[in-house]
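A structural walkthrough
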Amino acid sequence: MPRYLVQFAQAHNDFRLPELQSIGELLGISVTLPSDLESRDPMRPVMVIDLEVEEHARLLARRCILIKAVYEFYAQGFTYAELHEANKLSQPSWARYIEDTSFRFLVTSSQHKIPQARQKEVIESFSYMGFLGKIDMKNPEINLICFEEYDDRHKTTRVRHEGDGEFREVFFGRLLEEGSARQLIAKFDVKKRAYYGNTSMESEISLLMANQTLASPGKFIYDPFMGTGSMSYPTSHFGALIVGSDIDGRQMRGKGKTPGVIRAATQYGTASRIIDLATFDVTHNPWRCGELFDAIVTDPPYGVRAGAKRLGRKKELPDYKKELCLQHTLNGRPDDQPYIPPTKPYELSHLAADLVVLGRYLLKPNGRLVFFLPTVTDEYEEVDIHTMLCEGMEVIANSLQDFGSWGRRLVTIRKTTLEKYPPPSFDPTPEIDANSHIPAHKDFREKYFQGFKSKTDEFNDGASLSDP
Amino acid sequence: MVRLITHNLLACHAKDCNTNNFPLAFKDVQLEIREAEFNPEFLRGFLPKLEWTALVDTAKQLGDTSLPVEQPEMLDDEFLKNLHHVLLEIHVEEGSMTCPNCGHVYPILNGIPNMLLAEHEIG
Ligand SMILES: C[S@@+](CC[C@H](N)C(=O)[O-])C[C@H]1O[C@@H](n2cnc3c(N)ncnc32)[C@H](O)[C@@H]1O
Ligand SMILES: [Zn+2]
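In this text, all values refer to a predicted model and were calculated from it rather than measured experimentally.

**Observations regarding the coordination of the zinc ion (ligand 2)**
Residues and elements named next belong to chain B. Within the protein, the zinc ion (ligand 2) binds to C12 (SG), C17 (SG), C99 (SG) and C102 (SG); these donor distances fall in the range 2.2 to 2.3 Å. With four donor atoms in place around the zinc ion (ligand 2) and angles of 101 to 116° between them, the coordination shape is tetrahedral. Sequence spacing among the residues donating to the zinc ion (ligand 2) works out to C-x4-C-x81-C-x2-C. In this pair, C17 is assigned in the loop between α1 (4-7) and β1 (25-33) and C102 in the loop between β2 (90-98) and β3 (105-109), connecting sequence segments 85 residues apart. The exposure class assigned to C17 is buried, which follows from its relative accessible area of 4%. The exposure class of C102 is partly exposed, given its relative accessible area of 43%.

Shown next, in the form of structure tokens:
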């Protein structure tokens, strides 16, 4: 099978492979990753993958947010000697460019600047390829690229060019296409949006979430904690039809007659794909039946900026007070303010478990639930997600976004069952007994405000969870 | 917004209101018609989810009589176009929806329905 070199953008390493695999699935492209763990390590800036045809590499580069560029792969090596040896064997792949093709030769790297003199030296070492076409630095027909991979030098200061040539591995190929989906990050920039709030999700992450949902024309997607609608813009941009709900209608409306979410979607040309917005508590929801949606994508309330709440009271009212409330609601005077029901806190670990059961009910078979879960990195164990799973729901991706003293995980769960399940009861689950594992995200809010002091002495500046 | 596709999926969810709680009855509505993209694939896929009689009756109530009383076997283009219009292009911007069973009124303001329950209505 032909091999292609993927160069990743230097961001969100843990999201690279889930995105590649999701978009492969969405577009019906079979993506074969390298079989050995080292070559498949998502922390490395480039990866050699197998695809059926060149067009597939181009399609991936047009939809994956984390692809910087894709190349036809010719060779790799731990030294230039190895690289050249392998490249000679790839001659059938590049022989067609020998005769009469204008070209440009680039020597680049990640995390490092290669001195001009050595770049020139490297380029000359490829002279055996015998390209007869003219060198064109502006508009060449092909770009040949030599990519030296250096270890991540983040957080260390070094003298310019120090360690030059001490790369981990070097790769060689022909540029096919630069990743054009990255332009969407600027398009969906929150600060340029007609409507946003302090819970809005940053552009790049909301695009990555949208790709995890497999958003495309005709898909029906639901956000039960809609807020200011951040995930609805990229998903509707990719063609999906969106329904959103929130316990607090003001989050979706903002000020003005036209709801804020609709104003923002109008700016992106997708207002007609925002099917509806509704105000309700997801734990008391009015959905008539299940198996409605292709995906549920959401940023649940963690309790820091936008607290998790649900209808009800912390302490039940005595009966006489309940009766008073009832009479008041039933016989309200015309000048009364709209009724605002009382709410009580909603523990995050309950919420997460409820969300999975709700997903199983509301998703079509094979549908996806994509959501964030905050967690204390030091305490985090894989079991956290598995403690909240239920039959018929399977974790297919779990990507950490690391902020140092805390992190959050983007979880993608697929509904694997064809069975019909009843709607969730949302009964508060019985207290977790002392022997069972307590998920790290339990009582997250308290830990957040203590700056996770019990585990680390780091000072936490109280930055927003959704918009760090 | 409130489009009929959504209306067809919402039932009254007040405590103990489990039968005859659908469809919610529109009242004092202000309508707007807005164009939406035609996607026959989506419509075909959605048909099995619809409560057909409720949809036909509600459309009629809002002044659209283009849908047949029985769901047709053959989904021709004309039928799908009419279905598209009814499901996705009629927007109820103001008014309310009333539960036929318990009488709960769900108000609609600027196209967003308030489906919150009062304290005595939750289980
Ligand atoms: C983290 S914010 C979501 C932000 C959203 N992604 C955005 O772009 O603004 C969580 C939202 O959940 C809502 N919420 C909290 N508890 C809820 C509940 N029980 N049912 C529905 N929505 C709830 C809050 O009003 C808040 O808007
Ligand atoms: Zn009712």
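**Section: the side chain of B:T6**
Here B:T6 lies in helix α1. Judged by relative accessible area, which is 7%, B:T6 ranks as buried. Leaving out residues up to four positions away in the same chain, B:T6 has contacts with A:I275 and A:D276.

**A look at the domain arrangement of chain A**
A common way to state how big an interface is: give the accessible area lost once the parts meet. Residues and elements named next belong to chain A. Taken domain by domain, chain A consists of domain 1 (3-183) and domain 2 (192-308 + 346-443). Contacts between domain 1 and domain 2 engage 15 residues on the former and 20 residues on the latter. When domain 1 packs against domain 2, the two sides together hide about 1500 Å² of surface, and 56% of this comes from carbon and sulfur. In this structure, R182 and E204 form a salt bridge, with 3.4 Å as the shortest nitrogen-oxygen distance. The tally of links from domain 1 across to domain 2 stands at 10 residue pairs in polar contact (both at pLDDT 80 or more). For the side of domain 1 that touches domain 2, the element with the highest residue contribution is helix α1 (residues 16-27), accounting for six residues. Looking at the side of domain 1 that touches domain 2 residue by residue, the classes come out as eight nonpolar, two polar and five charged.

**Remarks on the pairing of strand β9 (residues 274-279) of chain A**
Residue and element names in this part refer to chain A. Within β9, six of the six residues are buried, which leaves it mostly tucked inside the rest of the structure. Bridge analysis of strand β8 (residues 241-246) against β9 gives five bridges, and the strand direction is parallel. Its bridge partner being in β9, G244 is matched across the sheet by L277.

**Structural notes on the interface of chain B and chain A**
The interface is formed by 36 residues belonging to chain B together with 42 residues belonging to chain A. In total, chain B and chain A occlude about 3200 Å² of area from one another, counting both sides; carbon and sulfur atoms represent 61% of this. Sorting the residues of chain B by area buried against chain A places B:I112, B:L116 and B:E119 first, and these three jointly supply 20% of that buried surface. Between the two partners, chain B and chain A, sit three salt bridges. Put simply, A:R288 and B:E51 hold a salt bridge, and the shortest N to O gap is 3.8 Å. At the surface where chain B touches chain A, the tally comes to 19 residue pairs in polar contact (both at pLDDT 80 or more). Contributing elements (two or more residues each) for the side of chain B that touches chain A: α1, α2 (40-46) and β4 (112-113) of chain B. In the side of chain B that touches chain A, the residues fall into 20 nonpolar, nine polar and seven charged.

**Considering the pattern of salt bridges**
All names here are of chain A. On inspection of all chains with the given rule, the structure shows 28 salt bridges over all chains. A salt bridge links R414 to E25, with the nearest nitrogen and oxygen atoms 3.1 Å apart. On the criterion of sequence distance, the pair formed by R414 in strand β15 (residues 407-415) and E25 in helix α1 is long-range, its members being 389 residues apart. What makes R414 buried here is its relative accessible area of 18%. Taking the shortest distance from any N to any O, the salt bridge between E177 and R62 comes out at 2.7 Å. Here E177 is found in strand β6 (residues 169-178), whereas its partner R62 is found in helix α2 (residues 54-63), with 115 residues between them in sequence. Judged by its relative accessible area of 15%, E177 falls in the buried class.

**A word on α1(A)**
Residues and elements named next belong to chain A. For α1, built from 12 residues, the straight-helix expectation of 16 Å at 1.5 Å per residue is met to within 8% by its first-to-last C-alpha distance of 17 Å. Of all the 12 residues making up α1, nine are buried; the element is thus mostly covered by neighbouring parts of the structure. Among all positions in α1, only R16, L17, P18, E19, L20, S22, I23, G24 and L26 are buried. G28, located one to two residues past α1, shows a positive phi value of around 65°.

What counts as what
Residues numbered from 1 in each chain as written. Chains lettered and ligands numbered in written order. Predicted model: local features only at pLDDT ≥ 70, side-chain atom pairs only at ≥ 80, totals over all residues. Heavy atoms only, no water. Donors = N, O, S within 2.8 Å, 3.2 Å for Na, K, Ca; no water. Tetrahedral: all angles 85-135°; square planar, octahedral: opposite > 155°, others 65-115°. Helix = DSSP H or I, 4+ residues; strand = E, 2+ residues; numbered from the N terminus. Buried < 20%, exposed > 50% of the residue type's maximum accessible area, 1.4 Å probe, protein only. Contact = heavy atoms within 4.5 Å. Domains from an automatic or database assignment. Buried area = accessible area lost by both parts, 1.4 Å probe. Salt bridge = Lys/Arg side-chain N within 4 Å of Asp/Glu carboxyl O. Polar contact = N/O pair within 3.5 Å; in protein donor to acceptor, adjacent residues only side chain to side chain. Nonpolar A, V, L, I, M, F, W, Y, C, P; charged D, E, K, R; others polar. Pairing = 2+ DSSP bridges. Expected span 1.5 Å × (residues − 1).

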